[in-house]
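Spelled out from the first residue to the last, the chains are:
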Amino acid sequence: MNYVSSAIYITFLNNYFYDVMMKSKLNNLSEEEAREIIRKIDVSKTEPQLLVTLIERAISIGEEVVSDEETLVSCVDELASSLRASDIIEVATDVALKKARDMLEMPFASVDGSYFLGGYLHGMYFFPISAVCVQFKNFNDTNPVVMYSDETGIYTFDDVDSRSASFKASLRMLQLETEMIGKALNNDVRFIMVDGPLVDPPKKYAISEYRDLINLRTEMLLKALDNHIKVIGIVKRVTGNLLLKSLLTKSELRNFYPLFRRYTDRGFLDAIFTYLLLNESKVFYTKPMFPRSIPAYEDYKSKGLEVLTSFTQVSITTPPIRFEVIPPDENLVETVAALVSLTTLPSQYYAMPVMIAHEKCLIREGLAKTLFQEIISHFPNNISKLSKLLRFKYEIT
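Remember, predicted model here, so these are calculated numbers, not experimental data.

**Some points on the packing of aromatic side chains**
Tallying each qualifying case throughout the model produces 12 aromatic pairs. For the pair Y115 and F127, a centre-to-centre distance of 6.1 Å together with 50 degrees between the ring planes defines the contact as tilted. Of the two residues, Y115 is situated in strand 2 (residues 108-115) and F127 in strand 4 (residues 124-136); the sequence distance between them amounts to 12 residues. When its relative accessible area of 26% is taken as the criterion, Y115 is described as partly exposed. On the basis of an interplanar angle of 55 degrees and a centroid distance of 5.5 Å, the ring pair of F126 and F372 is categorised as tilted. Note that F126 is positioned in strand 4 and F372 in helix 13 (residues 365-376), a separation of 246 residues in sequence. Each of the two residues, F126 as well as F372, counts as buried. Taken together, the ring pairs in this structure connect F256, Y257, F260 and F268 into an aromatic cluster. Its guanidinium or amino end placed over the ring of Y350, K236 lies 5.7 Å from that ring's centre, counting from NZ or CZ.

**A short note on the nonpolar core**
In this structure, L79, L83, I192, L247, F260 and F268 are the most contacted members of the largest nonpolar core, which totals 69 residues. Tallying contributions element by element places helix 5 (residues 162-185) first for this core, with 11 residues. With residues up to four places along the chain from it excluded, the contact list for F268 reads L79, L83, L243, L244, L247, F260 and Y263.

**Some words on helix 6 (residues 208-226)**
Owing to its 3.6 residues per turn, the α-helix brings residues three or four apart onto one side. Look at helix 6: 27 Å from first C-alpha to last across 19 residues, which is about the 27 Å you get at 1.5 Å a residue. Inspection of helix 6 places Y210, L213, I214, L216, R217, T218, M220, L221 and A224 among the buried residues, and these make up the whole buried set. Considering only its buried residues, helix 6 is in contact with helix 5, strand 7 (191-195), strand 8 (230-235), helix 10 (297-301) and strand 11 (321-326). Taken from the residues just after helix 6, H228 is the one with a positive phi, measuring 60 degrees.

**A few points about the side chain of D141**
With respect to the helices, strands and loops of the structure, D141 is situated in the loop between strand 4 and strand 5 (145-148). The side chain of D141 is buried and forms no salt bridge, while K137, the nearest opposite charge, is found at 5.4 Å. Side-chain polar atoms of D141 contact the backbone nitrogen of K137, separated by 2.9 Å. Of the polar contacts made by the side chain of D141, one reaches the backbone nitrogen of N143; its length is 2.9 Å.

**Observations regarding the side chain of S149**
Summarising the element assignment, S149 is placed in the loop between strand 5 and strand 6 (153-157). According to the relative accessible area criterion, S149 is buried, its value standing at 7%. Apart from the residues lying within four places of it in its own chain, the contact partners of S149 are A131, L176 and M180.

**Concerning the packing of helix 4 (residues 94-103) against helix 11 (residues 330-343)**
Two elements in contact, helix 4 and helix 11, have axes whose closest approach is 8 Å; the angle formed by their N-to-C orientations is 65 degrees. Where helix 4 crosses over helix 11, the two elements pack in a sense that is right-handed. Note on element contacts: helix 11 touches helix 4 through E334, T335, A338, L339 and L342, opposite A96, L97, K99, A100, R101 and M103. Of the residues belonging to the contact of helix 4 with helix 11, the class tally is 7 nonpolar, 1 polar and 3 charged.

**Details of helix 3 (residues 48-85)**
Over its 38 residues, helix 3 extends 53 Å from the first C-alpha to the last, a length consistent with the 56 Å expected when each residue adds 1.5 Å. Its axis deflected by about 60 degrees at V76, helix 3 carries its strongest bend there. Buried within helix 3 are the following residues: D68, L72, C75, V76, L79, A80 and L83. Tucked inside the fold, the buried residues of helix 3 contact strand 1 (89-91), helix 7 (242-247), helix 8 (257-262) and helix 9 (265-279). One or two residues past the end of helix 3 sits D87, with phi positive at roughly 60 degrees.

**Remarks on the pairing of strand 4**
Judged by how many residues are buried, strand 4 sits mostly within the fold: 12 of 13 residues are covered. Here 8 bridges tie strand 2 to strand 4, and the two strands are oriented antiparallel to one another. Paired with G113 across the bridge in strand 4 is A131. Bridge count for strand 3 (residues 119-121) against strand 4 is 3 bridges, and the pairing is antiparallel. Considered in strand 4, the bridge of Y120 is made with Y125. Here 5 bridges tie strand 4 to strand 6, and the two strands are oriented antiparallel to one another. Within strand 6, the residue paired with P128 across the bridge is I154. As defined by bridge partners, strand 4 adjoins strand 5 across 4 bridges and the pair is classed as antiparallel. Counted as the bridge partner of Q135 is V145 from strand 5.

Thresholds applied
- Residues numbered from 1 in each chain as written.
- Predicted model: local features only at pLDDT ≥ 70, side-chain atom pairs only at ≥ 80, totals over all residues.
- Heavy atoms only, no water.
- Phe/Tyr/Trp six-rings, centres within 6.5 Å; stacked < 30°, edge-to-face > 60°.
- Helix = DSSP H or I, 4+ residues; strand = E, 2+ residues; numbered from the N terminus.
- Buried < 20%, exposed > 50% of the residue type's maximum accessible area, 1.4 Å probe, protein only.
- Lys NZ or Arg CZ within 6 Å of the ring centre and 35° of its normal.
- Core = buried A, V, L, I, M, F, W, Y, C linked by side-chain atoms within 4.5 Å.
- Contact = heavy atoms within 4.5 Å.
- Expected span 1.5 Å × (residues − 1).
- Lys, Arg positive; Asp, Glu negative; His and termini not counted.
- Salt bridge = Lys/Arg side-chain N within 4 Å of Asp/Glu carboxyl O.
- Polar contact = N/O pair within 3.5 Å; in protein donor to acceptor, adjacent residues only side chain to side chain.
- Axes fitted to C-alpha atoms, helices over the stretch in contact; angles between N-to-C directions.
- Left-handed = near helix turned anticlockwise from the far one by under 90°.
- Nonpolar A, V, L, I, M, F, W, Y, C, P; charged D, E, K, R; others polar.
- Bend = angle between axes of the 7 residues up to and from the residue.
- Pairing = 2+ DSSP bridges.

Next up, the structure:
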């Protein structure tokens, strides 16, 4: 055995015994402690040269991030003032707060959907998918009616990889979610809160499932408009640079262009809103805009549906969110900013009705894997004795 192969063999043994030693401790640890040990195991398995290269790059990126943060902090006062002066950041009035309180006295509903990859078998990906509509008599209703989609179940997709299958599963979930919006429309509600955007999915796709979803979703949302029912989409995870792109067209903010190009909406808004909220206890939100830079928006607009979008942040301890509304009324945007503030309870990050719908339909990883185990448990134990043509191979991804 030469030097290189000996070194590889020794490294293998070290990793193997380290795995055994570390994993033997997992049974007596909390979930957080166990995850930390598993993280260390993964690091220990990485080739030294690769590990050093990536750590050096991580240090470099970290220094860049710190530099960007220091730049933003140093000018946040001037930047926030400029955004207020340009009416990019607005404040909800007492009139809007009263309208929001009045809305919370009315019957309303919250809607959400969920899915998770359970496993892979015979070229098929298995996904439990659910959707729910939670109907409230008013905001103080302690016993809301919970209605699940009749189509909740386990779906299979025969795609070339898990990403393609996961995308089709997400479209199926959105279809179920949209049908639950339709169910809410038939139950005498005055407004609906959806966990996620109304323009969903945000990207265009040249497949029939996407076109069918757009047709169904616009049909339901236009029906809401016809029945004078407001629909609000709450986007909990702010991504991209929808707002910052629009700021690059404001000549009065040209001095901040380099900063706008360095950031995404999430980090930028977190800094601006937090600074404002530290100084004033008000409901801040960004000037309403049509989300034209979202690729799928044109598909919705071409079918007669327009939405307005805005960003807000409830407190210094909560993240910024984006929301979409129909009808596309700027006064409604102001009212919804106030509504989000009123319905986000202390110690919570997001509006309570949305969180209830989210928890009621959530497909967790453990459930998805357990359901898949139940599926494959029905195969015979003596599978190795079957003919070659009948053997199967499975793996939990």
